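The chain contents come next:
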Amino acid sequence: MASEDTKSGMSSAEILRNYVEDALHKKATASPDTRPYEHLVHELQRSDEGGRRRAKVVAALCECASLFDMARHRRLLDALFAIDWALEAALIEYVATAYVNLVSASANFLAPCLQSLVRKLLPLAGSSDLDVDELAGGAPGGSGHGAATESYRDDEVDRRMQSIAHGRVHQTLQRVLDVFPTARARIMPIIRKTLPHASHPERSHYYFAKNMFKMAEYAPYLRAPILEMLIRHMVQIDVEIKLEDEIEADDEYCFDLEIGDSGHASRTGAAGAHADVGDDTGVSSDT
């Protein structure tokens with residue numbers, strides 16, 4: 001990254017913005033020198049304590065949103081969209097602004113940004129860089145008090161992390177839906193595609209449905225289609241559960257083929273009855 005000593009009289013933020021502009025321009029024009037661009041991708045992908053370094057990079061990206069090209073800058077966009085929204089508020093504030101600025105710069109970014117935001121309404125994929133002890137209200141580095149206590153604390157922390165991340169996503173979605181009316185017509189198909197499959201864990205359905213009801217509060221024009229979608233989805237899950245129960249019930253009455261000492265085959269049913277299969281004479285009842 002460029003240092004502050006290279007250009008006297010310029011702030012570090014201005015130097016970083018010029019660096020980002022140069023990196024985006026070189027990548028867009030297929031310059032052989034892709035090192036600045038690759039460096040930016042690396043900076044967004046790596047974790048840093050407190051998120052301060054990434055916050056500065058994303059802040060510079062916000063000012064250069066008009067220079068982004070969907071195809072040529074795909075890896076940088078993917079790195080931006082992959083940032084965990086349960087991280088430090090200062091970082092996510094810039095990330096949210098980047099989403100809005102991208103959509104403002106070009107309508108081509110509306111669908112990708114909406115897709116990214118809606119997908120973040122599913123449960124967090126894994127652990128984040130958040131300090132678990134601080135989130136739980138304890139002292140960093142504190143010792144546990146047994147497996148049950150640790151498990152309970154982890155559940156509490158998980159719920160708080162989900163609440164933090166999803167709350168920020170809703171704020172950004174509301175902002176996009178309010179500022180860009182075309183987003184209202186584009187978001188429902190994206191929501192339907194993001195709906196968890198019936199076979200997914202219960203946790204996924206819980207958080208997604210909860211967030212859909214939350215969205216319906218600040219986007220009343222989505223209430224009817226959201227309710228219709230969720231009702232259809234619950235019916236589908238109920239049907240699949242009944243099918244699984246029927247399959248399990250049928251399995252209980254399956255016949256196992258057994259070969260006796262006499263060389264005859266016998267089939268044993270759930271009730272314990274046996275039927276011998278003769279070599280030539282067919283089936284005879286075994287009493």
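Above this text is the structure in question.
Residues numbered from 1 in each chain as written. Predicted model: local features only at pLDDT ≥ 70, side-chain atom pairs only at ≥ 80, totals over all residues. Heavy atoms only, no water.

Visitor: Tell me about the overall build of the protein, and please be specific about residues and values.
Guide: The secondary structure content of the protein amounts to 11 helices and 4 strands. Counting every position in the protein, which comprises 287 residues, the buried fraction comes to 36%. For the protein, the share of sequence-separated contacts (at least 6 apart) that also reach a separation of at least 24 residues comes to 59%. On the protein, roughly 16,800 Å² of surface is accessible, and the fraction owed to carbon and sulfur atoms is 51%. (Helix = DSSP H or I, 4+ residues; strand = E, 2+ residues; numbered from the N terminus. Buried < 20%, exposed > 50% of the residue type's maximum accessible area, 1.4 Å probe, protein only. Contact = heavy atoms within 4.5 Å. Areas by Shrake-Rupley, 256 points an atom, 1.4 Å probe, with all protein chains shown as cover.)

Visitor: Tell me about the packing of helix α5 (residues 89–105) against helix α6 (residues 110–119), and please be specific about residues and values.
Guide: Where α5 contacts α6, the axes come no closer than 9 Å and their chain directions differ by 155°. Overall, the two elements α5 and α6 adopt an arrangement that is roughly antiparallel. Each of Y99, L102 and V103 in α5 lies in contact with α6, whose residues at this interface are L110, C113, S116 and L117. Residues that form the contact of α5 with α6 fall into these classes: 6 nonpolar, 1 polar and no charged. (Axes fitted to C-alpha atoms, helices over the stretch in contact; angles between N-to-C directions. Parallel < 35°, antiparallel > 145°, perpendicular 65-115°, else oblique. Nonpolar A, V, L, I, M, F, W, Y, C, P; charged D, E, K, R; others polar.)

Visitor: Which residues make up the side chain of R168, and what values do they have?
Guide: Here R168 lies in helix α8 (residues 147–179). In this structure R168 is buried but unpaired, with D84 as the nearest side chain of opposite charge at 7.1 Å. At a separation of 2.4 Å, a polar atom in the side chain of R168 contacts the main-chain carbonyl oxygen of L87. (Lys, Arg positive; Asp, Glu negative; His and termini not counted. Salt bridge = Lys/Arg side-chain N within 4 Å of Asp/Glu carboxyl O. Polar contact = N/O pair within 3.5 Å; in protein donor to acceptor, adjacent residues only side chain to side chain.)

Visitor: Summarise the packing of helix α4 (residues 74–81) against α5; cite the residues concerned and give the values.
Guide: Axis separation between α4 and α5 bottoms out at 10 Å; the angle between their running directions is 135°. When the interaxial angle is binned, α4 and α5 end up oblique. Here L77, L80 and F81 of α4 come into contact with α5, specifically with V95, A98, Y99 and L102. Across the contact of α4 with α5, the residue classes break down as 7 nonpolar, no polar and no charged.

Visitor: Describe the side chain of K120, listing the residues and the values that go with them.
Guide: With respect to the element layout, K120 can be found in the loop between α6 and α7 (132–135). Of the side chains with opposite charge, D84 lies nearest to the buried K120, which makes no salt bridge, at 6.8 Å. At 3.2 Å, the side chain of K120 forms a polar contact with the backbone oxygen of I83. Non-local contacts of K120, meaning those with residues more than four positions away in its chain, are made with F81, A82, I83, W85, Y99, H166 and V169.

Visitor: Outline a nonpolar patch on the surface, supporting the account with residue identities and numerical values.
Guide: Nonpolar side chains collect at one region of the surface, where F213, L227, I231, M234, V235 and V239 lie side by side and expose about 560 Å² of accessible area between them. It is helix α11 (residues 223–251) that contributes the most residues to the nonpolar patch, 5 residues altogether. Structurally, F213 is set in helix α10 (residues 202–218). (Patch = residues over 30% accessible without salt bridge, like charges linked within 9 Å, V, L, I, M, F, W, Y side chains within 5 Å.)

Visitor: Residue-level account of unusual backbone geometry, with values.
Guide: Even without being a glycine, A30 presents a positive backbone phi close to 60°. Within the secondary structure, A30 sits in the loop between α1 (12–28) and α2 (35–45). For A30, a relative accessible area of 55% corresponds to the exposed category.

Visitor: Describe in detail the environment of M215, supporting the description with residues and values.
Guide: Following the sequence through the fold, M215 ends up in helix α10. With a relative accessible area of 0%, M215 lands in the buried category. Taking the C-alpha atoms as reference, M215 lies 9.8 Å from Q171; in sequence the two are 44 residues apart. In this structure M215 touches L121, H170, L173, I187, I191, L222 and I226, once residues within four positions along its chain are discounted.

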